[in-house]
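# Structural characterization, general
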Amino acid sequence: QGAHARAAFQHANNALSFGYREAVQELGFCLEEGFGTEVNPDQAYPLLLMGVKLNFVRSVTRIREIISDDPPQLRTLRLIQSILTMRAMGQLTDDDMSRNETLAAAWRLTEEIPPPAAMVQEIAAGVANVNAEDPDHADRFPTREESYAALGIDPPPPNQDDGEA
């Protein structure tokens, strides 16, 4: 990888900041494959899922490939983590899944391969803390209770780490 790969990644990043929707997909692939940047599936999969929401064929194809991994691989677990995070943040809704078969299949994956309980708790707690960290924009994010409910778990009692005690 050289200067051309780094430039391509930077162009895609710039395009996204200017509102070019297709850049979501391009950045997702760059981050997944390490093209012009470090490999980072934790950033790649949410971008590819957004590409699925926008009905971009390459994103749909890649997410479907991961869903069909048999046996499941590490990338499957990382996709599940991204799905749960987006769900808890309100970025993946029941409406999205009712209108998009790939997103519905992705959500079913989280039921077929239940993630470790500690992962779900960590995601929910992290998302719940967003409001505490940015109270001026709290209306943009689900409440603590909504975040936990989106993942189908009960929140623990509030404590100082939640910014609510």
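Refer to the structure above for everything that follows.
Right, let's walk through the structure included here. Every value quoted in this text rests on a predicted model; they were computed, and no experiment measured them. (Residues numbered from 1 in each chain as written. Predicted model: local features only at pLDDT ≥ 70, side-chain atom pairs only at ≥ 80, totals over all residues. Heavy atoms only, no water.)

### Looking at the overall build of the chain
Helix and strand counts for the chain come out as 9 helices and 0 strands. Ordered by position in the sequence, the α and β elements of the chain form the string α-α-α-α-α-α-α-α-α. Across the 165 residues of the chain, 41% fall into the buried class. For the chain, the share of sequence-separated contacts (at least 6 apart) that also reach a separation of at least 24 residues comes to 57%. Within the structure as shown, the chain displays about 9200 Å² of accessible surface, and the carbon and sulfur contribution to it stands at 52%. (Helix = DSSP H or I, 4+ residues; strand = E, 2+ residues; numbered from the N terminus. Buried < 20%, exposed > 50% of the residue type's maximum accessible area, 1.4 Å probe, protein only. Contact = heavy atoms within 4.5 Å. Areas by Shrake-Rupley, 256 points an atom, 1.4 Å probe, with all protein chains shown as cover.)

### With respect to the packing of aromatic side chains
Applying the stated criterion across every chain, the model contains 0 aromatic pairs. The side chain of Arg87 reaches across the aromatic face of Trp107, ending 4.7 Å from its centre. (Phe/Tyr/Trp six-rings, centres within 6.5 Å; stacked < 30°, edge-to-face > 60°. Lys NZ or Arg CZ within 6 Å of the ring centre and 35° of its normal.)

### What to know about helix α5 (residues 74-88)
In a regular helix each residue adds 1.5 Å, so 15 residues correspond to 21 Å; α5 covers 21 Å between its end C-alpha atoms and thus fits that length. For α5, every residue scored as buried is listed here: Thr76, Leu79, Ile80, Ser82, Ile83, Leu84, Met86, Arg87 and Ala88. The first or second residue beyond α5 is Gly90, which carries a positive phi of 80°. (Expected span 1.5 Å × (residues − 1).)

### Considering the side chain of Thr76
Here Thr76 lies in helix α5. Its relative accessible area of 2% is what places Thr76 among the buried residues. For Thr76, the residues in contact, after removing those within four places along its chain, are Ile66, Asp69, Leu109 and Ile113.

### Digging into the packing of helix α1 (residues 3-17) against helix α2 (residues 23-33)
As a packed pair, α1 and α2 sit with axes 9 Å apart at the nearest point and diverge in direction by 145°. Note that α1 runs across α2; the crossing there is left-handed. Residues Phe9, Ala12, Asn13, Ala15 and Leu16 of α1 touch α2, and the partners they reach there are Ala23, Val24, Glu26, Leu27, Cys30 and Leu31. Here the residues of the contact of α1 with α2 sort into 9 nonpolar, 1 polar and 1 charged. (Axes fitted to C-alpha atoms, helices over the stretch in contact; angles between N-to-C directions. Left-handed = near helix turned anticlockwise from the far one by under 90°. Nonpolar A, V, L, I, M, F, W, Y, C, P; charged D, E, K, R; others polar.)

### Section: the environment of Ser17
You can see Ser17 is positioned in helix α1. In this structure Ser17 comes out as exposed when scored by relative accessible area, which is 57%. A distance of 2.7 Å separates a polar side-chain atom of Ser17 from the backbone oxygen of Asn14. (Polar contact = N/O pair within 3.5 Å; in protein donor to acceptor, adjacent residues only side chain to side chain.)

### Details of the environment of Ile153
Relative to the helices and strands, Ile153 is located in the segment after α9 (144-150). Taking the C-alpha atoms as reference, Ile153 lies 8.5 Å from Val120; in sequence the two are 33 residues apart.

### Overview of the pattern of salt bridges
If charged atoms from side chains of opposite charge come close, those side chains can pair. Going through the model one piece at a time under the given rule, you end up with 11 salt bridges. Arg75 serves as the salt-bridge partner of Asp69, at 2.7 Å between the closest nitrogen and oxygen. Look at Asp69 and you get buried, because its relative accessible area is 12%. Using a relative accessible area of 25% as the deciding quantity, one classes Arg75 as partly exposed. Through salt bridges with shared partners, a single ionic network connects Glu32, Glu33, Arg62 and Glu65. (Salt bridge = Lys/Arg side-chain N within 4 Å of Asp/Glu carboxyl O.)

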